[in-house]
Every structure is written in C-alpha cells, then in structure tokens.
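Take a look at the letters that make up each chain.
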Amino acid sequence: MSFLEIKNVRKRFGANEVLRGLNLSVEEHQVVCLIGPSGCGKSTLLRCVNGLEEIQGGEIRLHGDRITGPGVDLNALRRDVGIVFQSFNLFPHMTVLQNITLAPTQVLRMPEAEAQEKALALLRRIGLEHKARAYPDQLSGGQQQRVAIVRALAMEPMLLLLDEITSALDPELVSEVLNLLRELAQEGMTMILATHEMGFAKEVASKVCFMYEGVVHEEGPPEQIFAHPRHERTQQFLSSIIEAGRL
Amino acid sequence: MREPGSNSKEVRRRNPTLPRDGSGFAWLALTLAILLWLATVWVMWQVKQVMTANGFQALWADILLGLVAILPLGLLFPASQSLRQSGAARRALQSENLIAARVHGSEAHTWAWFTLGYAGALLLFLLFVLFFIANNVAVGRTFFQLELIANSFGLILQAFWINVVIFLFAGFFSLVWGLVVAIAKLLPGKPAQPIRFIATFYTDAFLSLPSIIVIYLIGFGLPLTGIGFFRNLPLEALAVLALTLTYGAYMAEVYRAGLESIHPSQWAAARSLGLSYGQTLRFVIIPQAVRRIIPPLLNNFIGMQKDTALVNVVGVIDAFNQARIIASNDFNLSAVTTVAILFILITIPQTRLVDRLVERDRARFRQG
Ligand SMILES: Nc1ncnc2c1ncn2[C@@H]1O[C@H](COP(=O)(O)OP(=O)(O)O)[C@@H](O)[C@H]1O
Ligand SMILES: [Mg+2]
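Everything quoted here is computed from the prediction, not taken from an experiment.

**As for the nonpolar core**
Soluble globular proteins: nonpolar side chains tend toward being buried together. Core analysis: the largest hydrophobic core is formed by 93 residues, its most contacted members being Leu-4, Ile-6, Leu-34 and Leu-159 of chain A. Element by element, the count of residues in this core is highest for helix 9 (residues 235–260) of chain B, at 12 residues. Ignoring sequence-local partners within four residues, the contact set of Leu-159 of chain A consists of Phe-3, Leu-4, Val-49, Leu-62, Asp-80, Val-81, Gly-82, Thr-190, Met-191 and Ile-192 of chain A. Counting 52 residues, the second largest nonpolar core, distinct from the first, contains Phe-88, Val-96, Met-198 and Ile-225 of chain A.

**Here's the deal with the sheet that holds strand 4 (residues 57–62) of chain A**
As a general point, the strands of a sheet are linked pairwise by backbone hydrogen bonds and lie either parallel or antiparallel. Residue and element names in this part refer to chain A. As summarised here, the arrangement of the four strands in space is 2-1-4-5, forming an open sheet in which the pairing is antiparallel. This sheet does not close on itself; its edge strands, each paired only once, are strand 2 (16–26) and strand 5 (65–66). Pairing between strand 4 and strand 5: two bridges, direction antiparallel. Across the sheet, residue Arg-61 finds its bridge partner in strand 5, namely Arg-66.

**A closer look at helix 2 (residues 59–70) of chain B**
Residues and elements named next belong to chain B. Between its first and last C-alpha atoms helix 2 spans 17 Å; for 12 residues at 1.5 Å apiece the expected length is 16 Å, and the two agree. Buried within helix 2 we find Ala-61, Leu-65 and Ala-69. Looking straight down helix 2, one finds its buried side chains confined to an arc of 75°; they lie on one side. Helix 2 presents Leu-59 and Trp-60 as exposed residues on the side facing more than 90 degrees away from its buried surface.

**Considerations on the domain arrangement of chain B**
How big an interface is tends to be expressed through the accessible area that disappears when the partners come together. Taken domain by domain, chain B comprises domain 1 (23–142) and domain 2 (148–366). Just the C-alpha atoms count here: the centres of domain 1 of chain B and domain 2 of chain B sit 44 Å apart.

**So, a nonpolar patch on the surface**
Residue and element names in this part refer to chain B. A contiguous nonpolar patch, built from Ile-34, Leu-35, Leu-38, Leu-59, Ile-63, Leu-67, Ile-70, Leu-73 and Leu-76 and spanning about 820 Å² of accessible area, is present on the exposed surface. Looking at the nonpolar patch, the element that brings in the most residues is helix 2, giving four residues. Structurally, the position occupied by Ile-70 is in helix 2.

**Remarks on the packing of helix 1 (residues 23–53) of chain B against helix 3 (residues 76–94) of chain B**
All names here are of chain B. Interhelical geometry of helix 1 versus helix 3 gives an angle of 160° and a closest axis separation of 9 Å. With respect to their mutual orientation, helix 1 and helix 3 come out roughly antiparallel. As helix 1 runs across helix 3, the sense of the crossing is left-handed. Counted together, Ser-23, Ala-26, Trp-27, Ala-29, Leu-30, Ala-33 and Ile-34 of helix 1 and Leu-76, Ala-79, Ser-82, Leu-83, Ser-86 and Arg-90 of helix 3 form the full contact between these two elements. The residue makeup of the contact of helix 1 with helix 3, split by class, is nine nonpolar, three polar and one charged.

**Some details on the site of ligand 1**
Residues and elements named next belong to chain A. Every residue close to ligand 1 is listed here: Phe-13, Asn-16, Val-18, Ser-38, Gly-39, Cys-40, Gly-41, Lys-42, Ser-43 and Thr-44. A distance of 2.7 Å separates an oxygen atom of ligand 1 from a polar atom in the backbone of Gly-39. At a separation of 3.3 Å, an oxygen atom of ligand 1 approaches a polar backbone atom of Cys-40. A total of 550 Å² of accessible area belongs to ligand 1 in isolation, and the protein chains cover 59% of it. Contributions of two or more residues to the shell around ligand 1 are made by strand 2 and helix 1 (42–49). The dominant element in the shell around ligand 1, judged by the number of residues it contributes, is helix 1, at three residues. Here the shell around ligand 1 is built from residues that sort into three nonpolar, six polar and one charged.

**So, helix 4 (residues 112–125) of chain A**
All names here are of chain A. The terminal C-alpha atoms of helix 4, which comprises 14 residues, lie 20 Å apart, in line with the 20 Å expected from a rise of 1.5 Å per residue. In the core, the buried residues of helix 4 are packed alongside helix 3 (96–106) and helix 5 (141–153). Gly-127 sits one or two residues past helix 4 and shows a positive phi near 70°.

**Considerations on the interface of chain B and chain A**
Chain B puts 16 residues into the contact, and the matching count from chain A is 22 residues. Taking both sides of the interface into account, the surface hidden between chain B and chain A amounts to around 1700 Å²; carbon and sulfur atoms contribute 61%. When the buried area of chain B at its contact with chain A is split by residue, Ser-272, Leu-273 and Phe-283 of chain B rank highest and sum to 34% of it. Linking chain B with chain A are zero salt bridges, by the criterion used here. Scanning the region where chain B abuts chain A turns up four residue pairs in polar contact (both at pLDDT 80 or more).

**Focus on the pairing of strand 7 (residues 159–163) of chain A**
Residues and elements named next belong to chain A. Buried residues dominate strand 7, accounting for five of its five residues. Residues Leu-159, Leu-161 and Asp-163 of strand 7 are buried on one face, and the alternating residues Leu-160 and Leu-162, pointing to the opposite face, are buried as well. Across four bridges, strand 6 (residues 81–84) lies against strand 7 in parallel orientation. When the sheet's bridge partners are listed, Val-84 is paired in strand 7 with Leu-162. With helix 6 (residues 171–186) bridging strand 7 and the parallel strand 8 (residues 190–194), this β-α-β connection has right-handed handedness.

Calculation rules
Residues numbered from 1 in each chain as written. Chains lettered and ligands numbered in written order. Predicted model: local features only at pLDDT ≥ 70, side-chain atom pairs only at ≥ 80, totals over all residues. Heavy atoms only, no water. Core = buried A, V, L, I, M, F, W, Y, C linked by side-chain atoms within 4.5 Å. Buried < 20%, exposed > 50% of the residue type's maximum accessible area, 1.4 Å probe, protein only. Helix = DSSP H or I, 4+ residues; strand = E, 2+ residues; numbered from the N terminus. Contact = heavy atoms within 4.5 Å. Pairing = 2+ DSSP bridges. Expected span 1.5 Å × (residues − 1). Arc of directions from axis to C-beta. Domains from an automatic or database assignment. Patch = residues over 30% accessible without salt bridge, like charges linked within 9 Å, V, L, I, M, F, W, Y side chains within 5 Å. Areas by Shrake-Rupley, 256 points an atom, 1.4 Å probe, with all protein chains shown as cover. Salt bridge = Lys/Arg side-chain N within 4 Å of Asp/Glu carboxyl O. Axes fitted to C-alpha atoms, helices over the stretch in contact; angles between N-to-C directions. Parallel < 35°, antiparallel > 145°, perpendicular 65-115°, else oblique. Left-handed = near helix turned anticlockwise from the far one by under 90°. Nonpolar A, V, L, I, M, F, W, Y, C, P; charged D, E, K, R; others polar. Near = heavy atom within 4 Å. Polar contact = N/O pair within 3.5 Å; in protein donor to acceptor, adjacent residues only side chain to side chain. Buried area = accessible area lost by both parts, 1.4 Å probe. Right-handed = clockwise from strand over helix to strand, strands pointing away.

Structure (structure tokens):
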C-alpha cells in the first residue's frame, strides 16, 4: 500500500471528461512531477487530491484512508494536504504574517503568539522576515509565491501539491522559488508538482509522469522519460519542449 | 504590404495630415459669447420690469442685477484666447511649422470648447430666470412663496423627523436582513436547496413589487387582520417593516453581487488551507467584498430615504403629508418645496460620500 494511491479516477466537467480512469501512486518522501500538454488535466488532478473538485469515479487513498466520496471530512483532509497555485492566491487584504497565521489559528486553534512565532521562523527561512507586515501587492511575484508555499507549510502538511507554481513568474524570479522546493525535497517533503520546468524535474524528481488524454500515459524515473521516452506522444511532447528551448 | 519579389527593406512613410487652425470654431465661440451677453442684459432688464410692476424697489437688488448683467463679459476672455491661438496656428501653418500649428490649433480648440461649455450653462440659467418670472412671477409665487416657507418650516421640520426615524430604522434592519438573505442564497450543497429557493423567491417577489404597494398592503392589511401584535404597532413601525422587506431584497442583491465578485481562486486558497465555508466567508470573502459593496449599499440607502415619502399613503404624518395639508389650505405649493429642499440637503452629502468611496476604490484598483 502506497502513501498516496489514485485508482481509476474519473472527472467530468459537463460533457468534457478530463480524467479518464487515471492511476498513480506516490510513496512517502517522493517528488513526483506531472508533465503534459496544457489542458491535459494536471491542475484538475491536483485539485481532486485536495478535495477542491469532486470525482465521478474511482477513489483516492491517503495512508490507506479513503479521501474521496461521501462522508470525508474535507477540512481535515486539507490540513494534511497543502496546495500552492500558479497565481499565488494570497489574501490581498491581509499582511504576509496574517496570511500565514490565519489557518493555524482558525483551523488548528493554535494560540496567536505561537502561530506568529512559527510564521516568522518560516519567513526567516526564506529571507522575508522583513516583509512580515507588508501586503501581498507590495511583494514581487517570486516573493509572493514563496510566501504562498510557506503559508501551506505552516499547516505542516504530509503532502504538498504544487500547480505550475513558477509559470506566472518572470524568468529571473523562478530560481528563488525552485531553490526553496529543492530544499523541501532534500528534507524529505512528499510533493506532487505539475510543472513545465523540465530541467528542474530532471534534477529533483523521483518519478516523472507524462499525462495525456486523461490518463498517465507514461511514467518512469526522469533519466528514462527524458532520455528514452517509449511512447510516441511523449516523444512528440518532449521534442516540442526542446524546440521551444526549454530543455 | 510589400510588393512581391522586392526584397529590399524600403522605408515606408505617410504624409502627415495638416492640422487645422480652428478659426471657425473660435469665431463661433466669440459670437455666441457676445450674443449671450446681450441676452443676459435683456433678461435682467425684464426682471427689473417685473420688480417695478410689483412695487419692489431695493438698491441691493439693482446692484445684483447689474452684476449678473456684466458677468457674461467674462466669456470674452476664453473666446479671445481661442481666437489668438488660432491666429498663431495659422501663422505657423504658413511658415510650415506643423508641430507648432498643431499645438496652437489644439489650444484654440480647447479654449473654444471652454467658452461653449460655460455659454451653455449660462443659457440654461437665463431660461430658468425667464420661466421663473413668466406670467408675472406665477412660477415664483407658486413654488417659492418665502413667507409661506418661513411660516410652515417648523411644522415641516418636525414631520421630517418622522422620515429620518423611519429611514434610520429601516436602513439598519434592511442592511442586516439583506446580508442574511444573500448568504442564504449563496449556501452551497443539496441540504440548503430549500433555503436557497425561499431566498430566491423572496428577492424576486420584492424586487418586482413597487414599494408603495408593499407599504399599502402592510400598513393597512396587517392591522386589519386583527392579530393583537400588529394592531398595537404604531403605523411608523409598519412602515419600517414594509421598507425593510422591500429594500432588504435590494440590499441582498448588492451583497450577493459583491460576494460573487471575489475571484473563485480566493475560495480555493482559503478552503485548501482547511478553512470551513463560514470561516472563508468571514475572514477572506466578506472583508474583500465590503469595500466594493459599500457604494451600492449607500445608493440603496439613499433610494430608501426618498421612499419614506410614500408612507403618507397609509396616513403617517411625515414631512410630505404635512406639506400637502399645508399646501391644500393655502392653495400654494411652497411648503412642498420646503420638503423637496430638505430631501436634497440630506442626500447631497451622501451622494458625494458615495462618489468619494467609488473614487478611492478605483484608485486602489489602479495601483494593482
Ligand atoms: N472548473 C472547470 N469547469 C469546466 N472545465 C474545466 C474546469 N477546470 C478545468 N476544466 C477543463 O479541464 C481540462 C483540463 O484543465 P486543467 O486541469 O487546468 O489542465 P492543465 O492544468 O493540465 O493545463 C481543460 O479542458 C479545461 O478546459
Ligand atoms: Mg494547469
């Protein structure tokens, strides 16, 4: 039994079936990279794991416990599974510090002082302690995204989902975000990341999954997927990435 | 499009359009300014005639009329500026200085528009004065009998207090009630379906009902039922209930539009951190929606204020009802004018406040 098991998951938006019986398993401390053409359902899959979308078939198990279907305590699930979005989604009316302490104080009922201390420690770690009282729109994109990651980390999740978190960033800001991810990977954080940063995927991934037509079309260690893709679709996708100068 | 076959990178250019000097416009402005000045002198002369005919004679009034009569001469300044600039533009055109011609031409245009704008305003003012003194000051006497206004002012002001009390209560209750209805309409999930249905039906019904009918039905109907509680309520309280029900529906729509205007990604971010539906509303959605909601809520509030004048249909002695009684005793509408002025006086600061809030919000939005 794997840490996270996604079995035969189906997800429809109206008539559009986005996930068509998708299977994927993730072990603890693994970093799994989802790659694939835009619109293939990477974001949808991550949102299903976090319970932001209901699925129409199959099941998802975390630590053997079913986290889809009726009767699941979604609020409890989301304490264990954090997600970071492409567009940061910080709360614009709260300071950086309030953004980070909101969930620990309201959901975990952590005392305010303790939550702040913890948040400041996290901010110190990413070198943004001096921005604790700033509002999100006073931060650069890279800083905002790192705060969003730290906001998710403040809930001490068992699993972190990252949805193309560098896609909205200016190129020179990407590395500061990737460095943070690299550190998290080294510390053994279990992560699933949808990404177009192939170089980064090659470097940190334990497993790369190529998604196509609503299923995992091909998966394997990064050396194999990037150097010797077996399926034609995977090859086509990777060669278009190479053409764009991204690999 | 480059011609097929030609590979050379030729330079393409378009001849610049010649600017106009704007002299026609400038002359128009000057002519209008002079004509309007003559018209003003004539109108002031008419006013003086009417005053003499009614045996009214005062030095201050004469001085005032004289001052107003020479005021339009001020229009000659922008008009002549326009003329001067258009002359400069013409000279620049002759010496083929296109840029200078464009600058002067546009200045001439601006000054001419400035003249025309003020001329238009002045024209409206003159028409109003003529209307006011027409038929030996009939309009003035009917609506603005100063003596009547002064005599009835105390009574009217007292009655206006009823309007103020009604809209303060109804305003507070409809703000609270509207939020309750809006949240009921937005409740997610199957179990909340009946609640959503009732809330939707309520807003649909009360958005389509004219408030005067609601006031009539509640003000007359509820006491008629003979239920003790309603029979003992003062009419004013029933009016508050009627306005709350009507405007609660409006307020609910504003709240709902505001809550729905917050991007779904904010919901996703909050829920993904484990916050419940209620916590997300309270900490993330409502605080962001409030600043967008306040201006339209205030607009509804102002609308409701005006509708307090409708409560006279059930016999509440509000300012309008009081004024009508006075008006029918004196065969003159000046008391009603007083009510109109009172409504204007309390509303203007509020509309200015709304403008300020909207502007502030827009400034914030521009920042990012
Ligand atoms: N909320 C939604 N409603 C309807 N269709 C959606 C919704 N979210 C995503 N989709 C559709 O699902 C498909 C997959 O989208 P997405 O998961 O965002 O792809 P990816 O992240 O791989 O680019 C797309 O065709 C998209 O149009
Ligand atoms: Mg996506």
